[in-house]
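Spelled out, the chains give:
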Amino acid sequence: RCMRSLNAEADHETVRTLAALLDRVVEWNDKVDLTAARDPDELVDLFVADAAVVARLHDRVGEAWVDVGSGAGAPGIPLALLMNGSLTLIEPKAKRVAFLRTAVGALALDRVSVRRDRCEAIADKSFDAAISRATLDPADWLAEGVRIARNSVWVLVARTAPPSVAGWRVDRDETYCLPLTGAPRRALRYVPVA
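An account of the accompanying structure is given in this report. Worth saying up front: this structure is predicted, and the values here are computed from it rather than measured.

Among the secondary structure elements, Thr 35 is positioned in the loop between helix H2 (12–29) and helix H3 (40–57). A polar contact is formed between the side chain of Thr 35 and the backbone nitrogen of Ala 37, at a distance of 3.1 Å. For Thr 35, the residues in contact, after removing those within four places along its chain, are Val 25, Asn 29, Leu 43 and Leu 46.

This is the structure in structure tokens:
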């Protein structure tokens, strides 16, 4: 239902894997603080909505992605399931890294790797595309994203104005509501100015 409302597509196997991921998040969240989602609708919106929109809008295949501040794996793991390309999850907290490694292994996500690190440890221009959800203020994330990405940086905002940075421009911009909770969202893709 969530995918359809966002005009996104996923095959049966992808939906099954997403459901298995959400089951693991719920199981681990009882022991480890993985997410602030208070109910199943918030959890589905958190994990699926942004990834579905970005996957639908992103038109470049086979890129190396990074999700900075992955937490419980959103939007990175769902994004990896919906797109063709490799993805590195960056997370500094040991308990969350343990969850991510367990989830990636259990779900047999061979194109996804987990790295315990902080954003500032990522080498300049080491990934094709970068995304982060609520790790930093949007302007701070954009500044970090353009440092680590060669081709594109995705910024997700709710009510704040889109940030800007010299030498990069917005080429994809979609406003939407999270399908189950109705919260406003906006996904922006920044690319280098040609």
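Right, picking up where we left off after that structure.
This next bit is on the packing of H2 against H3. The relative placement of two packed helices comes down to the angle between their axes together with the axis-to-axis distance. Two numbers describe how H2 lies on H3: the axes approach to 11 Å, and their chain directions differ by 125°. Between H2 and H3, the angle falls in the class oblique. The two elements H2 and H3 cross, and the hand of that crossing is right-handed. Side by side, H2 and H3 meet where Leu 21, Leu 22, Val 25 and Val 26 of the first sit next to Leu 43, Val 44 and Phe 47 of the second. Partitioned by chemical class, the residues of the contact of H2 with H3 number seven nonpolar, no polar and no charged.

A few words now on unusual backbone geometry. Between Ala 74 and the following residue, Pro 75, the backbone shows a cis peptide bond with an omega angle of 5°. Tracing the backbone through its elements, the reader meets Pro 75 in the loop between strand S1 (63–68) and helix H4 (76–82). The backbone of Ala 134 shows a phi angle near 65°, a positive value even though the residue is not glycine. Along the chain, Ala 134 turns up in the loop between strand S4 (127–132) and helix H6 (138–148). On the basis of relative accessible area, Ala 134 is assigned to the exposed category, the value being 69%.

Moving on: the layout of surface pockets. In this structure, the largest pocket occupies an estimated 630 Å³ of space. Every residue lining the largest pocket is counted, 30 residues in all, and those nearest its centre are Leu 46, Gly 69, Ala 74, Arg 133 and Thr 135. The biggest single contributor to the lining of the largest pocket is H3, with four residues. Looking at the lining of the largest pocket residue by residue, the class counts come to 13 nonpolar, six polar and 11 charged.

All right, on to the sheet that holds strand S2 (residues 85–91) then. Strand order in the open sheet made by the seven strands is S3-S2-S1-S4-S5-S7-S6, with mixed pairing throughout. Because the sheet does not close on itself, it has two edges, and the strands there are strand S3 (112–116) and strand S6 (168–177). Averaged over all pairs of adjacent strands, the angle between their axes in this sheet comes to 20°, without regard to strand direction. Sitting on the sheet, H3 touches S1, S4, strand S5 (149–157), S6 and strand S7 (184–192), and the angle it makes with S6 is about 130°. Packing of H6 onto the sheet brings it into contact with S1, S4, S5, S6 and S7, and relative to S5 it is tilted by some 165°.

Let us look at the nonpolar core. By size, the foremost hydrophobic cluster in this structure holds 43 residues, and its most contacted members are Phe 47, Trp 65, Leu 79 and Phe 99. For this core, the secondary structure elements donating two or more residues are H2, H3, H4, S2, helix H5 (94–106), S3, S4 and S5. Considering every element that reaches this core, the biggest residue donor is H3, with 10 residues. Ignoring sequence-local partners within four residues, the contact set of Phe 99 consists of Leu 21, Arg 24, Val 25, Trp 28, Leu 34 and Ala 72. Cys 119, Ala 130, Val 157 and Trp 168 belong to the second largest nonpolar core, which has 19 residues in total.

Definitions and limits used
- All chains use their own residue numbering, which begins from 1 and follows the written sequence.
- Whole-chain, interface and lining totals are the exception, using all residues; otherwise, since this is a predicted model, local features are given only for residues with pLDDT of at least 70 and side-chain atom pairs are given and counted only at 80 or more.
- Excluding hydrogens and water, the side-chain values take into account all heavy atoms of the structure.
- Working definition: helices are DSSP H or I runs of at least four residues, strands are E runs of at least two. Numbering for both runs from the N terminus.
- Polar contacts, as counted here, are pairs of nitrogen or oxygen atoms within 3.5 Å of one another; within protein the pair requires one atom able to donate a hydrogen and one able to accept it, and residues that are adjacent in sequence qualify only if both atoms are side-chain atoms.
- Working rule for contacts: check all heavy atoms of both residues, and any pair within 4.5 Å makes them a contact.
- Helix axes are fitted to C-alpha atoms over the stretch in contact, other axes to C-alpha atoms as well, and angles between N-to-C directions run from 0 to 180 degrees.
- When describing relative orientation, an angle under 35 degrees is termed roughly parallel and one over 145 degrees roughly antiparallel, while 65 to 115 degrees is termed roughly perpendicular and anything else oblique.
- Left-handed is the label given to a crossing in which the near helix is rotated counterclockwise from the far helix by less than a right angle, and right-handed is the label when the rotation is clockwise.
- Three classes are used: nonpolar for Ala, Val, Leu, Ile, Met, Phe, Trp, Tyr, Cys and Pro, charged for Asp, Glu, Lys and Arg, and polar for all others, with Gly counted as polar.
- Relative accessibility under 20% of the residue-type maximum defines a buried residue, over 50% an exposed one, and the middle range a partly exposed one, all with a 1.4 Å probe and only protein chains included.
- The rule is simple: put a 1 Å grid over the protein atoms alone, call a set of points where a 1.4 Å probe fits but cannot get out a cavity, call an open set with protein on both sides within 12 Å along at least five of seven lines a pocket, and count a residue as lining if it has an atom within 4 Å of a point.
- Grid points are joined across faces, edges and corners, and a volume is the space filled by probe spheres set on the points.
- A strand pair is defined by DSSP finding two or more bridges across the two strands.
- Among the buried residues, those of types Ala, Val, Leu, Ile, Met, Phe, Trp, Tyr and Cys that are joined through side-chain atoms within 4.5 Å form a nonpolar core.

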